[in-house]
Amino acid sequence: MSAHFASDGRSASNAPAQVVPGSKQHQIVERGKVVSTWIEIEWRKEDENGNPIYSIDNDIAYQYKRQREYKGPLIWNYDDLLQYAEGDIEPVYGKDYAIIDTYRRRVRMPMREYLLCSRVTSMTCKTKVFKPCKMTTEYDLPINGELSEGGDVPWAVLVESGQADLMMCSYVGVDFQCKGDRVYRLLDTTLKFFGVAQEGQTLVYDIQINAYANRPGTSECAMFFFQYNCYVDGKLLIEMRGGVAGFFNEEELAAGKGVVHTTGELAKRAKLKKEDCTPFLINPARNKTSFTEEEMQFLSVHGRDKGWGSIFPEAEGVNYKLCARKMLMIDRVTHVMPAGGAHGLGMIIGEKILERDHWYFPCHFHEDQVMAGSLVADGCSQMLKLFMIWMGLHHTVDKLTFRPVPGVGNKVRCRGAIGPQKGKLVYVMEITDMGYEKDTGYPYAKALVNIININFEKGQTFDVADLDQYGLGDQQKRIVVDFQNIALRIEGKPTSTHPMHGGRKVVMPHAGGSRSSIPRSMPTPSSSIV
């Protein structure tokens, strides 16, 4: 079976969805007026022809299905969260917050296309009390969800589903101080993964705000510090620490210089000695050093059913869905350089096309549009998967199962908002470590990724030759986000191609000591790909 997609990448079904018997009419109230209404429809896993249905309407139907089934503790349900995200705050928080609805903007959760929270089950936050507090939320992962399409639940969804720190700082009352003049922006976070989740499971987040910092010379909150643990079926899935978010006005956002590399960081980078990538070139696609928009879309939509072999022969036999079509955050790959980067282990450059009407701007957030960092992070994951297959690392194990490397701290620094525009994001990925886990033998790769925002509306352009000019404080050459230690492994039993199976072995120099021994007799890269 294969899904049918409409022009926007969604599955199309000719048969209309059935209304849930006895369901009430739902509505969003904004500025005291009803601005939208809808009724519940029956959630369907498949259409009348047995094809899976991937659509936002079906995902919402799944949330209402779970809402009807839920019998546990509850403070706010899915309807409340939609109202909070898309309409007035007073119907959710009460009359004490009515003044906030008169401001031009406020802290919100994302709108329904990226609202990844089903309910709030507990909370200790108090109005206008800026002290440590906690909140527990749950998110029911839709079966055949539009953001996962029957495949792995994407990195972005797992991370973003812990988005209720927004609701916490809002309930505490930061908007009483900001009065619509300042907006929420994430600054820092470090994430450790310990597993994966599947469609149909429920993610549980224990979120806590640990402290607040005031704007100098005032009693107004400038930023707050938070963390969360995510559980699925009672097991720890994600540990997020070092969360920092702040509140900024337009002038402060415009004055940002992005991620600025310190003199010490630049000196340390200059001293790095390049390693030899050739032992990891198992079966590289030497003649395929770029990927077009059409090819990336193929890997997303048809990678599982038609396979990767038609895109590059070295990937023959790979039947893997890179991501859901809507989640494709790498539209093209312009450079694949296996010996590139400061470490000599590879550099990959990809691009995401930005348009003002793309789905991820209007929904995040209502009246304060900015691209979610979790989506940008997912692009990093997608590009690293592509590179690992390009290298041929999938040949060393008997199946293709990508998973985050457990317990590795993925550090994120956000230093520039990506607002609605006609432009592109440039992903500059450098492999910092590659090898085989000592205990499991799984091939893995770790990467540093710099995100450069090229805004065509401001006349900005990008040339790979200018890479060294980014991250030095020039506002026209800003790194808006950087990701350190993006780490993936391919899980499976070693095959005869695996370096741990025979061959002349030598231990590669590696400070971490986790890389396995590998044979010398590996192909060397051609001079055309460095």
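These figures come from a predicted structure and were not determined experimentally.

Colleague: Which residues make up the overall build of the protein, and what are the values?
Modeller: Counting its regular elements, the protein contains 10 helices and 17 strands. The globule rule puts the C-alpha radius of gyration for 530 residues at 24 Å, and the 24 Å found for the protein is close to it. For the protein, the spread of C-alpha atoms along the three principal axes comes to 75 × 60 × 45 Å. Contacts spanning at least 24 positions in sequence make up 72% of the contacts within the protein whose residues lie at least 6 apart. Approximately 21,800 Å² of the protein is accessible, and the part contributed by carbon and sulfur atoms is 50%. Of the side chains in the protein, 63 bear a positive and 64 a negative charge, and the two mean positions are spaced by 5 Å.

Colleague: Let's hear about the state of the cysteines: which residues, and what values?
Modeller: One way to say it: the disulfide is the covalent bond shared by the sulfur atoms of two cysteines. On inspection of all chains with the given rule, the structure shows 0 disulfides. Looking at Cys117, it has no disulfide partner, and the nearest cysteine sulfur is the one in Cys230, 12 Å off. With relative accessibility at 0%, the residue Cys117 sits in the buried group.

Colleague: Before we move on, can you summarise the pattern of salt bridges with the specific residues and values?
Modeller: This model, assessed by the stated rule, comprises 32 salt bridges. Note that Asp152 and Arg403 form a salt bridge whose closest N and O atoms lie 3.4 Å from each other. In this pair, Asp152 sits in the loop between β4 (133-140) and α4 (155-160) while Arg403 sits in strand β11 (residues 401-404), placing the two residues 251 residues apart along the sequence. In this structure Asp152 comes out as partly exposed when scored by relative accessible area, which is 32%. The salt bridge involving Arg182 is made with Glu252; its shortest N-O contact spans 2.6 Å. On the criterion of sequence distance, the pair formed by Arg182 in the loop between α6 (174-178) and β5 (183-193) and Glu252 in helix α7 (residues 250-254) is long-range, its members being 70 residues apart.

Colleague: Talk me through helix α1 (residues 56-69); I want residue IDs and the actual numbers.
Modeller: Owing to its 3.6 residues per turn, the α-helix brings residues three or four apart onto one side. Compared with an ideal rise of 1.5 Å per residue, which puts 14 residues at 20 Å, α1 spans 20 Å between its outermost C-alpha atoms and is within 8% of the ideal. Elements in contact with the buried residues of α1: β1 (25-30), β2 (33-39), α2 (78-86), β3 (119-123), β4 and β6 (202-214).

Colleague: Describe in detail the side chain of Asp378, supporting the description with residues and values.
Modeller: Mapping Asp378 onto the fold places it in helix α10 (residues 373-391). One buried charge, Asp378, has no salt-bridge partner; the nearest side chain with opposite charge is Lys385, at 6.5 Å. Here Trp155 takes part through its backbone nitrogen, which lies 3.0 Å from a polar atom of the side chain of Asp378. Among residues more than four places away in sequence, those in contact with Asp378 are Pro154, Trp155, Ala156 and Met327.

Colleague: I'd like to hear about the pairing of strand β8 (residues 235-248), residue by residue, with values.
Modeller: Looking along a regular strand, one sees side chains alternate from face to face of the sheet. Both β5 and β8 contribute to a ladder of 9 bridges, which runs antiparallel. Looking at β8, one finds that Val183 is bridged to Phe248. In the sheet, strand β7 (residues 221-232) pairs with β8 via 9 bridges, with the strands oriented antiparallel. If you follow Asn229 over to β8, its bridge partner there is Glu239. Hairpin connection between β7 and β8: a loop of 2 residues separates the two successive antiparallel strands, and Asp233 in this loop has a positive phi of roughly 55 degrees.

Colleague: Can you break down the packing of α1 against α2 residue by residue, with the values?
Modeller: Between α1 and α2, the shortest axis-to-axis distance is 10 Å and the interhelical angle comes to 135 degrees. Overall, the two elements α1 and α2 adopt an arrangement that is oblique. Contacts between α1 and α2 pair Ile60, Gln63, Tyr64 and Gln67 from the former with Tyr78, Asp79 and Leu82 from the latter. Of the residues assigned to the contact of α1 with α2, the class counts are 4 nonpolar, 2 polar and 1 charged.

Colleague: Got a sec to walk through helix α5 (residues 165-172)? Specific residues and values, please.
Modeller: With respect to burial, α5 is a largely interior element, 8 of its 8 residues being buried. Phi turns positive, to about 115 degrees, at Gly173, one or two residues after α5.

Colleague: Explain the environment of Arg332 residue by residue, including any values.
Modeller: Assignment of secondary structure puts Arg332 in strand β9 (residues 332-337). It is 23 Å that separates the C-alpha atoms of Arg332 and Gln469, two residues lying 137 residues apart in sequence. Here the side chain of Arg332 touches Glu293 through a polar contact of 2.9 Å, side chain to side chain. Of note is the side chain of Arg332, whose polar atom sits 2.5 Å from the side chain of Glu351.

Colleague: Explain unusual backbone geometry to me, and be specific about the residues and the numbers.
Modeller: In most cases, non-glycine residues show a negative phi, while peptide bonds are predominantly trans. With omega at 10 degrees, the peptide bond leading from His364 into Phe365 counts as cis. With respect to the helices and strands, Phe365 occurs in the loop between β10 (347-354) and α10. Despite not being glycine, Lys179 shows a phi value in the positive range, around 55 degrees. Counting through the fold element by element, Lys179 comes out in the loop between α6 and β5. A residue is classified by how much of its surface remains accessible, and Lys179, at 44% relative accessible area, is partly exposed. If you check the backbone angles, Asn485 has positive phi at about 70 degrees while not being a glycine. Positionally, Asn485 belongs in strand β15 (residues 479-491).

Colleague: So what's going on with the pairing of β10? Which residues, and what values?
Modeller: Taking burial as the measure, the 8 residues of β10 include 7 buried ones, the bulk of the element. In terms of strand pairing, β9 meets β10 through 5 bridges, oriented antiparallel. Residue pairing for β10: Val333 is matched across the bridge by Gly350. One ladder, built from 8 bridges, connects β10 with strand β13 (residues 423-436); its direction is antiparallel. Looking across to β13, one finds that Glu351 is bridged to Val426.

Cut-offs used in this document
- Numbering of residues starts from 1 in each chain and follows the order in which that chain's sequence is written.
- Residues qualify for local features only when their pLDDT is at least 70, as the model is predicted, and side-chain atom pairs are given and counted only at 80 or more; totals for whole chains, interfaces and linings, by contrast, use all residues.
- Note that the side-chain values use all heavy atoms of the structure and ignore hydrogens as well as water.
- Going along the chain from the N terminus, every DSSP run of H or I of four or more residues is numbered as a helix, and every run of E of two or more is numbered as a strand.
- Between the two quantities, the radius of gyration covers C-alpha atoms and the globule rule is 2.2 Å times the number of residues to the power 0.38.
- In what follows, a contact means two residues having at least one pair of non-hydrogen atoms within 4.5 Å.
- Here the Shrake-Rupley method, with its probe set to 1.4 Å, supplies the accessible areas, and only the displayed protein chains count as covering residues.
- As used throughout, the charge tally considers Lys and Arg to be positive and Asp and Glu to be negative, leaving His and the chain termini uncounted.
- Charged groups are reduced to one reference atom each: NZ for lysine, CZ for arginine, CG for aspartic acid, CD for glutamic acid.
- Note on terminology: pairs of cysteine sulfur atoms within 2.5 Å are recorded as disulfides.
- Think of it in three bands: residues with accessible area under 20% of the maximum for their type are buried, residues over 50% are exposed, and the middle band is partly exposed, with areas taken using a 1.4 Å probe on protein chains only.
- In the sections that follow, a salt bridge refers to a side-chain nitrogen of Lys or Arg positioned within 4 Å of a carboxyl oxygen of Asp or Glu.
- Here the expected length of a helix is defined as 1.5 Å per residue gap, with one fewer gap than residues.
- Any N or O atom pair separated by 3.5 Å or less is treated as a polar contact, with the protein-specific requirement of one donor-capable and one acceptor-capable atom, and with residues adjacent in sequence counted only for side-chain atom pairs.
- Pairing between two strands requires that DSSP report at least two bridges joining them.
- Helix axes are fitted only over the stretch in contact, all axes being lines through C-alpha atoms; the angle between N-to-C directions runs from 0 to 180 degrees.
- In what follows, roughly perpendicular refers to angles from 65 to 115 degrees, roughly parallel to angles under 35, roughly antiparallel to angles over 145, and oblique to any angle outside these ranges.
- Under the scheme applied here, ten amino acids are nonpolar (Ala, Val, Leu, Ile, Met, Phe, Trp, Tyr, Cys and Pro), four are charged (Asp, Glu, Lys and Arg), and all others, including Gly, are polar.

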